[in-house]
Amino acid sequence: DAKTTQPNSMESNEEEPVHLPCNHSTISGTDYIHWYRQLPSQGPEYVIHGLTSNVNNRMASLAIAEDRKSSTLILHRATLRDAAVYYCILSTGTYKYIFGTGTRLKVLA
Amino acid sequence: DAGVIQSPRHEVTEMGQEVTLRCKPISGHNSLFWYRQTMMRGLELLIYFNNNVPIDDSGMPEDRFSAKMPNASFSTLKIQPSEPRDSAVYFCASSLKEGRYNEQFFGPGTRLTVL
């Protein structure tokens, strides 16, 4: 199964942009890239997903490298509520998510 | 919509006892997933149902674990007999339809402690 590599932790100041990187060098041509986050004591929640093109939604932006071997989740203005573990996931097959260890984001006031 | 509902939120039991975790998916969703989360292994998919039928149970750790989905609005995950190493947070998630781009909605989880 294709896997992802993320830094264990990152810090950001409140109100500043955050760039969370993810490497997925073994991605296949049909794998979607998903980002979920898990706030403390909650279940994971969807953030964004993409295939080849950059994507934007109300929560974040997803920048996908041209060769698709890496991607970056961008939070435009981090708030204290964005402190969470962020998972970069490749969907292999039609339903299976392989969760890695994720990046623990700490937002400093 | 209330989202995915799981019960109980916390369960403490003794080794050897039967444990039943319950899940109500979001109405209209036809895919349901059970995950387990531990510090050592992270989030793991245990079993996946589509239209109430188990499609992939390769993640179920042992025969002590079983899952059912008798109808579109209810699923159970049963552990019998339970062991201390089953202590974890168990999440149920549902999705509108099968597909690699379909968002999974997770419930709040059940924290299971087996003494």
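Each side of the interface is counted separately: chain B has 20 residues, and chain A has 20 residues. Counting each side, the surface lost to burial between chain B and chain A is near 1700 Å², with a carbon and sulfur contribution of 53%. For the side of chain B that touches chain A, the elements supplying multiple residues, two or more each, are strand E4 (31-38), strand E5 (42-50) and strand E10 (104-106) of chain B.

All names here are of chain B. Mapping Ser-75 onto the fold places it in strand E8 (residues 74-79). Judged by its relative accessible area of 0%, Ser-75 falls in the buried class. Along the sequence, Ser-75 and Leu-21 sit 54 residues apart, while their C-alpha atoms lie 8.4 Å from each other. Here the side chain of Ser-75 touches Lys-68 through a polar contact of 2.8 Å, landing on its backbone oxygen.

Taken as a whole and judged by the stated rule, the model has twelve aromatic pairs over all chains. Feature note: the residues Tyr-36, Tyr-46, Tyr-87, Tyr-97 and Phe-99 of chain A together with Phe-33, Tyr-35, Tyr-48, Phe-91 and Phe-106 of chain B constitute an aromatic cluster, connected by ring pairs.

Thresholds applied
- Residues numbered from 1 in each chain as written.
- Chains lettered and ligands numbered in written order.
- Predicted model: local features only at pLDDT ≥ 70, side-chain atom pairs only at ≥ 80, totals over all residues.
- Heavy atoms only, no water.
- Contact = heavy atoms within 4.5 Å.
- Buried area = accessible area lost by both parts, 1.4 Å probe.
- Helix = DSSP H or I, 4+ residues; strand = E, 2+ residues; numbered from the N terminus.
- Buried < 20%, exposed > 50% of the residue type's maximum accessible area, 1.4 Å probe, protein only.
- Polar contact = N/O pair within 3.5 Å; in protein donor to acceptor, adjacent residues only side chain to side chain.
- Phe/Tyr/Trp six-rings, centres within 6.5 Å; stacked < 30°, edge-to-face > 60°.

Everything listed here is a matter of geometry and, on its own, says nothing about what the molecule does.
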